[in-house]
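Here are the chains, one letter per residue:
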Amino acid sequence: MMSNNVHPVLKPAQAMVLAAGLGKRMRPITDHIPKPLITVAGKPMLDHVLDRLGDAGFDRVVVNYHYLGEMIAKHVAQRDFPSVVCSPEADLLETGGGVQNALPMLDENAVLVANADMFWTEGKDPLFTRMIEAFDADHMDCLMAIAPVQGAFGYDGAGDFFWQVDGRLKRRGDAASAPYFFTGVQILTPRLFEDILPGNFSLNIIYDRALAKGRCYGLVHDGGWFHIGTPEALRDAEDAIAAS
């Protein structure tokens, strides 16, 4: 996923972690700590994501931040691997604007993007490794990691996507429910951002572009997924993780 002829000093990052959210549903915990730094299963959620990126071979990662960003910057500065480049946001840019803002620091061909505030257990093979192996730039502009609604810990939504027989995704649309939800892990091609003015916007705009072209695919996560959105869910998740 990384260009072969890039000078080492200027080498772009192959992955980005989104850590700029406000974490409002996690209050009062997030009154004093950003959600990505909340500890789950022994370490901050952000470190779980960064460690797994390192295990998958990513040696350089961009992390954006906004809310209590100085805490995130100080935390990632203490890490040795993967190396972290920060992308601060004075104004919150949302997911799409956050990635677009970091594009000058990212690989021009494809980049793995993951939310910072999530926790999962691996299946047969690590999720990030599976994503890298499954991404096909000839046919895909977007590859999303999706998980089954049934069996996901703490998820109470109606689902986001139908996974079609050829691997392409279809939005739930007007259907009452869909069997899979988007996990927050994806591989994107930067060309999806072409002609979009800089600013605050959702990655849903990017997904819709890929869906419209038939170039948005899904990979089903085969391990456990923990949706941790509230302090109560955090306590329950810790119990469930300890028992698993």
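Here goes a summary of the coordinates provided. Given the structure is predicted, the values throughout are model-derived calculations rather than measurements.

Moving on, we get to the overall build of the chain. Check the secondary structure of the chain and you find six helices and 13 strands. In terms of overall dimensions, the chain is globule-like: its C-alpha atoms have a radius of gyration of 17 Å, near the 18 Å expected for 244 residues. Seen through its principal axes, the chain has C-alpha atoms that stretch 45 × 45 × 35 Å. The buried share of the chain, reckoned over its 244 residues, is 49%. For the chain, restricting intrachain contacts to residue pairs at least 6 apart in sequence, the fraction spanning at least 24 positions comes to 73%. When the accessible area of the chain is evaluated, it comes to approximately 11600 Å², of which 51% is carbon and sulfur surface. In the chain, 21 positive and 31 negative side-chain charges are present, and the distance between their average locations comes to 2 Å.

With that settled, consider the pattern of salt bridges. Throughout the structure, instances matching the rule amount to twelve salt bridges. Here Asp-31 and Arg-27 are joined by a salt bridge, their closest N and O atoms 4.0 Å apart. Looking at Asp-31, the relative accessible area reads 38%, which means it is partly exposed. When its relative accessible area of 47% is taken as the criterion, Arg-27 is described as partly exposed. In this structure, Asp-117 engages Lys-35 in a salt bridge whose closest nitrogen and oxygen atoms are separated by 3.3 Å. Within this pair, whereas Asp-117 is found in the loop between strand E6 (111-115) and strand E7 (119-120), its partner Lys-35 is found in the loop between strand E1 (15-18) and strand E2 (39-40), the two being separated by 82 residues in sequence.

This part is about the packing of helix H1 (residues 45-55) against helix H2 (residues 69-77). Two measures define how a pair of helices packs: the angle their axes make with one another and the distance between the axes. Following both chains from N to C, one finds H1 and H2 inclined at 40°, their axes separated by 12 Å at the closest point. Between H1 and H2, the angle falls in the class oblique. As for the relative orientation of H1 and H2, their crossing is right-handed in sense. Here Leu-46, Asp-47 and Leu-50 of H1 lie close against H2, whose contacting residues are Ile-72, His-75 and Val-76. Its residues assigned to classes, the contact of H1 with H2 comprises four nonpolar, one polar and one charged.

A few words on helix H6 (residues 231-243). For an α-helix, 3.6 residues make a turn, and residues three or four places apart therefore share a direction. Across its 13 residues, H6 extends 19 Å between first and last C-alpha, which sits within 8% of the 18 Å expected from 1.5 Å per residue. Those residues of H6 lying buried are Pro-231, Ala-233, Leu-234, Ala-237 and Ile-241. Angularly, the buried residues of H6 cover 145° about the axis, an arc narrow enough to put them on a single face. Relative to its buried face, H6 has exposed residues pointing more than 90 degrees away, namely Asp-239, Ala-242 and Ala-243. Summarising the contacts, the buried residues of H6 are in contact with E2, E7 and strand E13 (225-226).

In this section: the packing of aromatic side chains. What the rule picks out here adds up to eight aromatic pairs. Relative to Tyr-180, the ring of Trp-163 has its centre 6.2 Å away and its plane inclined at 70°; by these criteria the two rings are edge-to-face. With Trp-163 in strand E9 (residues 161-163) and Tyr-180 in strand E11 (residues 180-188), this pair connects stretches of sequence that are 17 residues apart. Each member of the aromatic cluster is reached from another via a ring pair, and the members are Phe-119, Phe-153 and Phe-226. The ring of Phe-119 carries the charged tip of Arg-52 above its face, separated from the ring centre by 5.7 Å. The side chain of Arg-52 reaches across the aromatic face of Trp-120, ending 4.4 Å from its centre.

Our next topic: the state of the cysteines. Within the structure shown, the criterion is met by zero disulfides. No disulfide involves Cys-142; its nearest neighbouring cysteine sulfur is the one of Cys-216, lying 3.9 Å away. Look at Cys-142 and you get buried, because its relative accessible area is 0%.

Conventions and cut-offs
Residues numbered from 1 in each chain as written. Predicted model: local features only at pLDDT ≥ 70, side-chain atom pairs only at ≥ 80, totals over all residues. Heavy atoms only, no water. Helix = DSSP H or I, 4+ residues; strand = E, 2+ residues; numbered from the N terminus. Rg over C-alpha atoms; globule rule 2.2 N^0.38 Å. Buried < 20%, exposed > 50% of the residue type's maximum accessible area, 1.4 Å probe, protein only. Contact = heavy atoms within 4.5 Å. Areas by Shrake-Rupley, 256 points an atom, 1.4 Å probe, with all protein chains shown as cover. Lys, Arg positive; Asp, Glu negative; His and termini not counted. Charge placed at Lys NZ, Arg CZ, Asp CG, Glu CD. Salt bridge = Lys/Arg side-chain N within 4 Å of Asp/Glu carboxyl O. Axes fitted to C-alpha atoms, helices over the stretch in contact; angles between N-to-C directions. Parallel < 35°, antiparallel > 145°, perpendicular 65-115°, else oblique. Left-handed = near helix turned anticlockwise from the far one by under 90°. Nonpolar A, V, L, I, M, F, W, Y, C, P; charged D, E, K, R; others polar. Expected span 1.5 Å × (residues − 1). Arc of directions from axis to C-beta. Phe/Tyr/Trp six-rings, centres within 6.5 Å; stacked < 30°, edge-to-face > 60°. Lys NZ or Arg CZ within 6 Å of the ring centre and 35° of its normal. Disulfide = S-S within 2.5 Å.

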